[in-house]
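Working through the structure, step by step
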Amino acid sequence: MTEIHTHRAGDDHAADNDVVALLMRQHGDIRNLFDEVEQSTGDRRKDAFRRLVRLLAVHETAEEEVVHPFARRSLPGGEQVVEDRLAEERAAKEALSALDDMDIDDPKFLPRLLALREDVQAHARAEERYEFTHIRRSTDAAKLALMAKGVKAAEAMAPTRPHPGVESAAANVALGPVAALMDRTKDAVRKAMGHDG
Ligand SMILES: [Fe+2]
Ligand SMILES: [Fe+2]
């Protein structure tokens, strides 16, 4: 009886303990946030952009701490696959900080945002194809769950929902330098994974 009723919860739990499922969900959240920034204006755009910057920074940091090192060691040709992904991530981070320094009302903001979106999508597709599918095949549930723990610790630092009171001055509160957020994310990921291993 109970088994039947917990089927759905069981699925959620499984996804929650699967680092690949978590990272692919973040790829979807990032896609949605790009759309939200594109489709909004004023303070709403500012707020959506803050959340996008934050999630991208946290997501790429988690990948660099958790899945890239694993892929480098464990996948055939992993060294080159990871070098290619890291180069794309470096380029995306530079484009992101350039955008972060711009006024969202600057006429160049949107074209640059859309260019970054294309690069980020291509990067995500390459990760899913050359890294994630192989990670699932070459590891066990315990290792997937430990890596998921690291990614969840990172994700906790990047809310994807709008701030309450977005219409107010709250949207203008500075996030602080992206580099500092990445450092804090690294610490959180290492702590989360270290506790289990
Ligand atoms: Fe990445
Ligand atoms: Fe990614």
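If you're wondering where the values come from, they're calculated on a predicted model, not measured in any experiment.

**Comments concerning the coordination of the iron ion (ligand 2)**
Distances from the iron ion (ligand 2) to its protein donors, His27 (NE2), His59 (NE2), Glu63 (OE), Glu63 (OE) and Glu127 (OE), fall at 1.9 to 2.8 Å. In the primary sequence, the donor residues of the iron ion (ligand 2) line up as H-x31-H-x3-E-x63-E. The metal-metal distance between the iron ion (ligand 2) and the iron ion (ligand 1) comes to 3.3 Å, with glutamate 63 coordinating both. A residue pair is termed long-range when its members are at least 10 positions apart, and histidine 27 in helix α3 (residues 19–39) and histidine 59 in helix α4 (residues 42–65) qualify at 32 residues. Residue classification places histidine 27 among the buried positions, given a relative accessible area of 5%.

**A look at the nonpolar core**
Core analysis: the largest hydrophobic core is formed by 44 residues, its most contacted members being Val19, Leu52 and Met147. Among the secondary structure elements, those contributing two or more residues to this core are α3, α4, α5 (67–74), α6 (78–100), α7 (109–137), α8 (141–155) and α9 (178–194). The element contributing the most residues to this core is α4, with nine residues. If sequence neighbours within four positions are ignored, leucine 52 has contacts with Ile30, Leu33, Phe34, Val37 and Leu113.

The rules we used
Residues numbered from 1 in each chain as written. Chains lettered and ligands numbered in written order. Predicted model: local features only at pLDDT ≥ 70, side-chain atom pairs only at ≥ 80, totals over all residues. Heavy atoms only, no water. Donors = N, O, S within 2.8 Å, 3.2 Å for Na, K, Ca; no water. Helix = DSSP H or I, 4+ residues; strand = E, 2+ residues; numbered from the N terminus. Buried < 20%, exposed > 50% of the residue type's maximum accessible area, 1.4 Å probe, protein only. Core = buried A, V, L, I, M, F, W, Y, C linked by side-chain atoms within 4.5 Å. Contact = heavy atoms within 4.5 Å.

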